[in-house]
Amino acid sequence: MKLVLTEFVSLDGVSQGPGSPTEDTSDGFTRGGWLVPFLDEQFVRRTSAWLDLADGILLGRRTYEAFARDWPQITDPNDPYTVRMNSLPKYVVTSTLSEGDWRPTTVLRDLHAVGALKAEPGRELQIHGSARLGNSLLAAGLVDTLRLVVAPTLVGSGRRLLDHPNEAVGLRLVEQEVTPSGLVVLEYDAVGAAAVAEYEGVTAFV
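Residues numbered from 1 in each chain as written. Predicted model: local features only at pLDDT ≥ 70, side-chain atom pairs only at ≥ 80, totals over all residues. Heavy atoms only, no water.

Enquirer: Just give me the short version of the pattern of salt bridges, but keep the residues and values in it.
Expert: For the structure shown, the criterion picks out 13 salt bridges. A salt bridge links Glu65 to Arg61, with the shortest nitrogen-to-oxygen separation between them at 3.2 Å. Placement of the pair is Glu65 and Arg61 together in helix 2 (residues 61–70), with a separation of four residues, close to one helical turn. Classification of Arg61 by relative accessible area gives partly exposed; the value is 29%. Residues joined by salt bridges that share partners form a network here, namely Arg46, Glu175 and Glu177. (Salt bridge = Lys/Arg side-chain N within 4 Å of Asp/Glu carboxyl O. Helix = DSSP H or I, 4+ residues; strand = E, 2+ residues; numbered from the N terminus. Buried < 20%, exposed > 50% of the residue type's maximum accessible area, 1.4 Å probe, protein only.)

What follows is the structure, encoded as structure tokens:
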């Protein structure tokens, strides 16, 4: 399966609590809900199409527990995500949970188990949220595709996305669009180590 990391991020790089002021208040964060004012029909179509490609959902423990609490409570038959989120196989990477109650759930103990799962046949294994896990998988070279939805807002505080201490990761932009509300949707393929070069003047590039 292809491992795909999907993240919502503010213009200043915050990924914490996009969906609600109470979604993630860890470390005293009080500025959640910053993505919601920009949701529009084009965003829903795009993210729903992404979810159509999933054969499984991969989550870190904190995100898993929040999703397991919230998604089964959504009963709106017209919600475009709920049936798939609740029915797709879930995989949670954790050393503290022995099992999951959001069925069907499989507990994975480490990144080696993620690599083994990724080697199985299928379409996409999608990470939603779980920024800490996503950073670890990027650093380990296990992420194939990165999908970002960038909100036109400066949150000013909160946990940042794509903050890892390991080697720089190279990406190639393969798709882009802007929704009517101003969300920038970007899709990148991971291409290994990031390229570097030294500036030698404009003529070197033409």
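Enquirer: Give a description of the environment of Gly134 that names residues and reports values.
Expert: Tracing the chain through its elements places Gly134 in helix 5 (residues 131–139). Gly134 gets classed as buried once you look at its relative accessible area, which sits at 1%. Sequence separation between Gly134 and Val4 is 130 residues, and the spatial gap between their C-alpha atoms is 9.3 Å. Dropping the residues within four chain positions of it, Gly134 is found in contact with Leu5 and Val143. (Contact = heavy atoms within 4.5 Å.)

Enquirer: Please set out the layout of surface pockets residue by residue, giving values where relevant.
Expert: Here the largest pocket is characterised by a volume of approximately 1,400 Å³. Sorting the residues of the lining of the largest pocket by element identifies strand 1 (2–10), helix 1 (41–52), helix 2 and helix 5 as the ones contributing at least two each. Sorting elements by how many residues they give to the lining of the largest pocket places helix 2 first, with seven residues. In the lining of the largest pocket, the residues fall into 18 nonpolar, 16 polar and nine charged. (1 Å grid on protein atoms, 1.4 Å probe; cavity = no way out; pocket = protein on both sides within 12 Å on 5 of 7 lines; lining within 4 Å. Points joined across faces, edges and corners; volume = space filled by probe spheres on them. Nonpolar A, V, L, I, M, F, W, Y, C, P; charged D, E, K, R; others polar.)

Enquirer: Talk me through the sheet that holds strand 2 (residues 54–60); I want residue IDs and the actual numbers.
Expert: Read across the sheet, eight strands follow the order 4-3-2-5-1-6-8-7 without closing on themselves; strand pairing throughout is mixed. Looking at strand neighbours, the two that pair on one side only are strand 4 (105–108) and strand 7 (169–178), the edges of this open sheet. Averaged over all neighbouring strand pairs, the angle between strand axes comes to 25 degrees, with direction disregarded. Sheet analysis places strand 2 next to strand 5 (residues 124–128), joined by four bridges and oriented parallel. Each bridged residue has a counterpart across the sheet, and for Ala54 the counterpart in strand 5 is Glu124. The sheet strands contacting helix 2 are strand 2, strand 3 (90–93), strand 4 and strand 5, and the helix crosses strand 2 at an angle near 115 degrees. (Pairing = 2+ DSSP bridges. Axes fitted to C-alpha atoms, helices over the stretch in contact; angles between N-to-C directions.)

Enquirer: Residue-level account of the pairing of strand 3, with values.
Expert: Here strand 3 shows a buried face lined by Lys90 and Val92 and a second buried face lined by Tyr91 and Val93. The pairing of strand 2 with strand 3 spans four bridges and is classified as parallel. Bridged to Leu59 within strand 3 is Val92. Judged from the four bridges that link them, strand 3 and strand 4 form a sheet pairing that is parallel. If you follow Val93 over to strand 4, its bridge partner there is Leu108.

Enquirer: I'd like a rundown of the nonpolar core, residues and numbers included.
Expert: The tendency in soluble globular proteins is for nonpolar side chains to be buried side by side. With 26 residues, the main nonpolar core has Trp34, Leu35, Leu51, Tyr64, Met85, Trp102 and Leu183 as its most contacted residues. Contributions of two or more residues to this core are made by helix 1, strand 2, helix 2 and strand 6 (145–151). Leu51 has contacts with Ile57, Tyr81, Arg84, Met85, Leu88, Gln126 and His128, leaving out every residue within four places of it along the chain. In this structure, Leu3, Leu108, Leu117 and Leu146 belong to the second largest nonpolar core, which totals 24 residues. (Core = buried A, V, L, I, M, F, W, Y, C linked by side-chain atoms within 4.5 Å.)

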